[in-house]
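# Architecture at a glance
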Amino acid sequence: VRRITLLTDFGTADGYVAAMKGVIASITPSAIIDDASHAIAPGDIAAAAWALAGYWRLYPRGTTHLVVIDPGVGSTRHPIAISADGHAFVGPDNGVFTHVLNEAGTWRAVVLENAAFLRRVVSPTFHGRDVFAPVAAHLAAGLYLGRLGTPLDEPVRLPLAPAAQEDAAARGVVVHTDTFGNLITNIPASWAVADARVQVAGRELPLVTAYSDVEPGALLVVEGSRGMLEVAVRDGSAADVLKVKPGERVVLAPATAQASAPRR
Amino acid sequence: VRRITLLTDFGTADGYVAAMKGVIASITPSAIIDDASHAIAPGDIAAAAWALAGYWRLYPRGTTHLVVIDPGVGSTRHPIAISADGHAFVGPDNGVFTHVLNEAGTWRAVVLENAAFLRRVVSPTFHGRDVFAPVAAHLAAGLYLGRLGTPLDEPVRLPLAPAAQEDAAARGVVVHTDTFGNLITNIPASWAVADARVQVAGRELPLVTAYSDVEPGALLVVEGSRGMLEVAVRDGSAADVLKVKPGERVVLAPATAQASAPRR
Amino acid sequence: VRRITLLTDFGTADGYVAAMKGVIASITPSAIIDDASHAIAPGDIAAAAWALAGYWRLYPRGTTHLVVIDPGVGSTRHPIAISADGHAFVGPDNGVFTHVLNEAGTWRAVVLENAAFLRRVVSPTFHGRDVFAPVAAHLAAGLYLGRLGTPLDEPVRLPLAPAAQEDAAARGVVVHTDTFGNLITNIPASWAVADARVQVAGRELPLVTAYSDVEPGALLVVEGSRGMLEVAVRDGSAADVLKVKPGERVVLAPATAQASAPRR
């Protein structure tokens, strides 16, 4: 079984995603296509990169991950493919693969130049259909990456400032707001010591183990599913309550107040 | 072919659903994953239970149905698996399987306790990825339910008051509002006699056979696709017109006015 | 491998789509079901027809395309199946297959009358589950089209006025607004001559090759992915900026101003 995951900002209503699936099915009929998402906000490269970071490594080696968030389609940005830790990636060279490159043990990238693996006519507005889908289908069928084009030494990476530890405190930022309104930070949960608190948007919040450790509607901080501190509201939206967006500063520090819940 | 259906309230934009799919693909590479929905309103257990009730039995026996509407993740609610009429179910023990339990001929349930079938590290915030997805993958691969943990005698069921017949009338409620704004009730269409009318939100509405039996924009009552009476507006939304939500009382009774359309 | 594509206006939250998938899986367990979209606006036959036109031919021959945008369910509109250029189509006879019929080399259609290939009980409100899904599953399994019912000579087609060339100008309309707010017209890009401009909503816009040929936020006209002129805003929505809907008149003409960008 050859799987291809598909991540776009196309929505589905216009048939653009189905066009990509049709191209894949024509080239590699046995391919199983898993929709990752087509609901990325238009052109939100950082959000797509974050989403991809959460699933690619959970798939088995040999999976091909197709990512088409491509506001620069038709410009000089390169179409690329990457091989990383046994997974293949196809999409525009605009930073969507930042986390993959940062986290993979080994990788190599190529610019998609070999017309033999593209559609015969390439539209300047829809590389998803004419460039990326056919290349993904060929990779899923076992094509050797090197045949697609010439090596690319430095694919584009988004600048990601890591969280920093200073004395007893750590400083980071909100890096993603998810569908539930949870605010995911770049501060590793492993940095939290007993009695630590998180300061964000003028509030000081307790660290707990699970949402259910606080009352419904209350703010809290938990270790998120990728090991980072995450600000949440039980049965609610922290993004709505705190009016906070990605980039907001977050500080992890010992409690300043006397009454503080110990971290279990 | 082993199929797994997937129902969540995750949306797709954060990659959480794709993470679950990746876990499944790694454990049971040949599994076909059918997206049921990821658009359940956050934490709406009743809506998820209603949706599941409409499709699980239409799948062939041997299908595994994965349901992750899990506002209590990380609390003491049990993670469970159920075998019912040849189908397998995996999810939190919070009522999402109410209709399955109520309608199945035979069933048995277990609490997911055997760590051998979970991910090595289990996040307190994402059991979909770390508990439910791997268990579903193992069940799809043929794992015997009993190996997952100890039997659970009484999984949680939502309290569902049935409709009641009184003399010539029947009393029920709206149990679900669908995407089209149709109001699905719990009154069986088979209870309707000739000349019956439905009273809801201060209106008295005719029973017809199909939407096209009334003019565009008009209110009507039809037998819905699960055999229950359903209040609708032709080419419109009854929920918008009547401003009615689940729980609203509905009465089926003989027509009080003289002019009434006979039911065909 | 037998693929079935699925296009509806059902949304996914009610389980209606999953019910159709379950019916298909029960009849043809090996079928792979590709979601095209379930986000067509309720009852928008023209939008569904447009979406379908963009993907059906990209799939391999032998694919079955299931389309359920069916505001007339339960009325006298026919349920039909069509064979066109080696692809199969199933859905209501309401115009959703307009472009397929207009563009296919050869086609034939039948009315779905043979109860042997439908579900035993057919709901008057959900032919997607009871009529169209089972027929699609049988076609995907290799059923001969003629066994489904009697021939239909003239399936319903939406009236589509083509663009017209007059002297140096061409007159057309916006036929679709996509998710990005791009306005797709019915004027072939091949009609554009050097120095041509597009007039729409009181503006005169330049033709360029790619979005990146103008500044972010600027209006432009490009050759869209199906070869038609398309009005867009770089990194924005032309539908929002111009407040234009399908049906809006569009004129392609030589530039009236002196300063005009040559088309590359």
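Residue positions within a chain follow its written sequence, with the count starting from 1. Chain labels run from A onward and ligand labels from 1 onward, assigned in the order the entries are written. Under the rules for a predicted model, residues below a pLDDT of 70 receive no local features and side-chain atom pairs below 80 are neither given nor counted, while totals for whole chains, interfaces and linings still include all residues. Calculation of side-chain values draws on the structure's entire complement of heavy atoms; hydrogens and water are dropped beforehand.

## A few points about the overall build of chain A
Quick reminder of the rule: Starting at the N terminus, helices and strands are each numbered in turn, a helix being any DSSP run of H or I of at least four residues and a strand any DSSP run of E of at least two. Exposure is judged per residue with a 1.4 Å probe applied to protein chains only, and the accessible area is read against the type maximum: over 50% gives exposed, under 20% gives buried, and values in between give partly exposed. The contact definition used throughout considers only heavy atoms, calling two residues in contact when any of these lie within 4.5 Å. Calculation of accessible area relied on Shrake-Rupley with a 1.4 Å probe; when residues are assessed, cover is drawn exclusively from the protein chains displayed. Working convention for charge: Lys and Arg count positive, Asp and Glu count negative, and His plus the chain ends are omitted. The location of each charge is read from NZ of Lys, CZ of Arg, CG of Asp or CD of Glu.
Broken down by element type, chain A carries 5 helices and 15 strands. Across the 264 residues that make up chain A, the buried fraction comes to 57%. The long-range share in chain A, meaning contacts at least 24 apart out of those at least 6 apart in sequence, stands at 67%. A total accessible area of about 10200 Å² is found for chain A, and carbon and sulfur atoms account for 53% of it. The average position of the 22 basic charges and that of the 25 acidic charges among the side chains of chain A differ by 5 Å.

## Here's the deal with the interface of chain A and chain B
You'll often see interface size given as the accessible area lost when the parts meet. For the record, the criterion: By convention, the term buried area covers the 1.4 Å-probe accessible surface removed from two parts as they join, with the contributions of both added. Salt bridges are identified by distance alone: a Lys or Arg side-chain nitrogen within 4 Å of an Asp or Glu carboxyl oxygen. N or O atoms closer than or at 3.5 Å make up a polar contact, with two conditions inside protein: a donor-capable atom paired with an acceptor-capable one, and, for residues adjacent in sequence, both atoms drawn from side chains.
Residue-level contacts link 33 residues of chain A with 32 residues of chain B. Together, the buried faces of chain A and chain B total about 2400 Å²; carbon and sulfur atoms form 55% of this surface. The largest contributions to the chain A side of the interface with chain B come from Leu58, Phe180 and Ser225 of chain A, which together make up 25% of the buried area. Viewed at the interface, chain B and chain A are joined by 0 salt bridges. The interface formed by chain A and chain B contains 9 residue pairs in polar contact (both at pLDDT 80 or more). Secondary-structure elements contributing two or more residues to the side of chain A that touches chain B are strand S2 (32-37), helix H2 (45-53), strand S9 (169-177) and strand S13 (219-223) of chain A. The element that contributes the greatest number of residues to the side of chain A that touches chain B is S2 of chain A, accounting for 5 residues.

## Considerations on the sheet that holds strand S3 (residues 64-68) of chain B
Hydrogen bonds between backbone atoms are what pair the strands of a sheet, whose relative direction is either parallel or antiparallel. All names here are of chain B. Put simply, the test is: The criterion for strand pairing is that DSSP finds at least two bridges linking the strands in question. Here an axis means a line fitted to C-alpha atoms, over the contact stretch when the element is a helix, while the angle between two N-to-C directions is reported on a 0 to 180 degree scale.
With mixed pairing, the 7 strands of this open sheet are ordered in space as S2-S1-S3-S5-S4-S6-S7. On the outer flanks of this sheet lie strand S2 (32-37) and strand S7 (151-152), each paired with one strand and no other. For strand S1 (residues 3-8) and S2, the ladder comprises 5 bridges, and the chain directions are parallel. Note on S2: the bridge partner recorded for leucine 6 is aspartate 35. Here helix H4 (residues 127-140) sits on the sheet and contacts S1, S3, strand S4 (79-84) and strand S5 (87-92); the angle it forms with S3, its principal contact strand, is near 175°.

## Remarks on the relation of the copies chain A and chain C
So the rule is basically this: The fit set for superposing copies consists of C-alpha atoms from residues with pLDDT of at least 70 in both; the fit itself is least squares.
Between chain A and chain C, the superposition needs a rotation of 120° and an axial shift of 0.0 Å, giving an RMSD of 0.0 Å. Those values place the two copies in the arrangement expected of a three-fold rotation axis. In terms of proximity to the rotation axis, the leading residue of chain A is isoleucine 32 of chain A, whose C-alpha is 4.5 Å off the axis. Interface residue correspondence from chain A to chain C reaches only 6%, placing this contact among heterologous pairings that use different surfaces.

## Things to note about the packing of aromatic side chains
Any two aromatic rings considered together are summarised by their centre-to-centre distance and by the angle between their planes. Rule in force here: Whether two aromatic rings pair depends on their centres lying within 6.5 Å, for rings of Phe, Tyr and Trp, where Trp uses its six-membered ring; planes under 30 degrees apart make the pair stacked, over 60 edge-to-face, and the rest tilted.
Under the definition given, this model contains 24 aromatic pairs over all chains. Each ring, one from phenylalanine 10 of chain A and one from phenylalanine 180 of chain C, has its centre 6.1 Å from the other, and the planes form 75°; the classification is edge-to-face. Placement of the pair is phenylalanine 10 of chain A in the loop between strand S1 (3-8) and helix H1 (16-27) and phenylalanine 180 of chain C in the loop between strand S9 (169-177) and strand S10 (183-188), with the two residues belonging to separate chains. Of the residues examined, phenylalanine 10 of chain A reaches a relative accessible area of 9% and is grouped as buried. Residue phenylalanine 180 of chain C is classed as partly exposed on the basis of its relative accessible area of 22%.

## Structural notes on the pattern of salt bridges
Counted under the stated rule, the structure contains 24 salt bridges over all chains. For the salt bridge of aspartate 35 of chain B with lysine 21 of chain B, the shortest nitrogen-to-oxygen distance reads 2.9 Å. Note that aspartate 35 of chain B is positioned in strand S2 and lysine 21 of chain B in helix H1 (residues 16-27), a separation of 14 residues in sequence. The exposure classification of aspartate 35 of chain B matches that of lysine 21 of chain B, with both residues buried. Connected through shared salt-bridge partners, Arg119, Arg129 and Asp130 of chain A make up one network.

## Describing the relation of the copies chain A and chain B
When chain A is fitted to chain B, the best match, at an RMSD of 0.0 Å, comes from turning it 120° and sliding it 0.0 Å along the axis. The overlap is low: 6% of the interface residues of chain A also sit at the interface in chain B, so different surfaces are used on the two sides.

## Remarks on empty space enclosed by the protein
It is a probe the size of a water molecule, rolled over the atoms, that shows where empty space is left. Definition in use: Using protein atoms alone on a 1 Å grid, points that fit a 1.4 Å probe yet trap it form a cavity, whereas open point sets bounded by protein on both sides within 12 Å along at least five of seven lines form a pocket; residues with an atom within 4 Å of a point count as lining. Grid points are joined across faces, edges and corners, and a volume is the space filled by probe spheres set on the points.
Taken as a whole, this structure holds 5 cavities of 30 Å³ or more when the rule is applied. There is about 160 Å³ of room inside the largest cavity. What lines the largest cavity is a set of 17 residues, among which Ile33 and Asp34 of chain A, Ile33 and Asp34 of chain B together with Ile33 of chain C lie closest to the centre. Looking at the lining of the largest cavity, the elements with two or more residues in it are S2 of chain A, S2 of chain B together with strand S2 (32-37) of chain C.

## Looking at the interface of chain A and chain C
If you look at the interface, chain A gives 32 residues, while chain C gives 33 residues. By the criterion of area lost to chain C, the three top residues of chain A are Asp14, Tyr16 and Thr125 of chain A, representing 22% of everything that side buries. Across the contact surface, chain A and chain C share 0 salt bridges. Across the contact surface, chain A and chain C share 9 residue pairs in polar contact (both at pLDDT 80 or more). Where the side of chain A that touches chain C is concerned, the elements lending two or more residues are H1 and S2 of chain A.

## Quick notes on unusual backbone geometry
Residue and element names in this part refer to chain C. Even without being glycine, alanine 201 reaches a positive phi, approximately 55°. On the secondary structure map, alanine 201 appears in the loop between strand S11 (196-200) and strand S12 (203-206). The backbone of lysine 243 shows a phi angle near 55°, a positive value even though the residue is not glycine. For lysine 243, the position within the fold is in the loop between helix H5 (238-242) and strand S15 (249-254).

## Comments concerning the sheet that holds strand S7 (residues 151-152) of chain A
Residues and elements named next belong to chain A. The strand order S2-S1-S3-S5-S4-S6-S7 describes an open sheet built from 7 strands, whose pairing is mixed. Looking at which strands have only one partner, the edges of the open sheet turn out to be S2 and S7. The strands touched by helix H4 (residues 127-140) are S1, strand S3 (64-68), strand S4 (79-84) and strand S5 (87-92); relative to S3, the strand with the most contacts, the crossing angle is about 175°.

## Overview of the side chain of histidine 127 of chain A
All names here are of chain A. On the secondary structure map, histidine 127 appears in helix H4. For histidine 127, a relative accessible area of 13% translates into the label buried. If sequence neighbours within four positions are ignored, histidine 127 has contacts with Asp70, Val73, Gly74, Arg77, Val122, Phe132 and Ala133.

## Here's the deal with the packing of helix H1 (residues 16-27) of chain C against helix H4 (residues 127-140) of chain C
Residue and element names in this part refer to chain C. Applied cut-off: Crossings are sorted by hand: turned counterclockwise from the far helix by less than a right angle, the near helix makes the crossing left-handed, and turned clockwise it makes it right-handed. In this count, Pro and Cys sit with the nonpolar residues alongside Ala, Val, Leu, Ile, Met, Phe, Trp and Tyr, while Asp, Glu, Lys and Arg are called charged and the others, Gly among them, polar.
As a packed pair, H1 and H4 sit with axes 8 Å apart at the nearest point and diverge in direction by 40°. Between H1 and H4 lies a crossing of right-handed hand. Of H4, the residues touching H1 (which contributes Ala19, Met20, Val23, Ile24 and Ile27) are Gly128, Arg129, Ala133, Pro134, Ala137 and His138. In terms of residue class, the contact of H1 with H4 is built from 8 nonpolar, 2 polar and 1 charged.

## Some words on the environment of histidine 65 of chain B
Residue and element names in this part refer to chain B. Structurally, histidine 65 is set in strand S3. Overall, the relative accessible area of 0% leaves histidine 65 in the buried class. Spatially, the C-alpha atoms of histidine 65 and isoleucine 4 are 5.7 Å apart, while their sequence positions differ by 61 residues. In this structure the side chain of histidine 65 is engaged in a polar contact, spanning 2.8 Å, whose partner is the side chain of threonine 5. Within polar-contact distance, the side chain of histidine 65 engages the side chain of histidine 87 at 3.0 Å.

## Things to note about the confidence of the model for chain A
Residues and elements named next belong to chain A. Applicable threshold: Confidence scores labelled pLDDT are given residue by residue by the predictor and lie between 0 and 100.
Residues of chain A with pLDDT of at least 70 account for 97%, and the chain-wide mean is 94. Segment residues 258-264 is flagged for pLDDT under 50; beyond a separation of four residues in sequence, or across chains, it makes 14 contacts in the model. Predicted as a complex, the structure gets a pTM of 0.95 and an ipTM equal to 0.94.

## Here's the deal with the side chain of serine 237 of chain A
All names here are of chain A. Tracing the backbone shows serine 237 in the loop between strand S14 (228-233) and helix H5 (238-242). Here serine 237 falls in the buried class, since its relative accessible area comes to 15%. Reaching out from serine 237, the side chain makes a polar contact with the backbone nitrogen of aspartate 240 at a distance of 3.0 Å. Those residues in contact with serine 237, other than ones at most four positions away along the chain, are Phe180 and Gly181.

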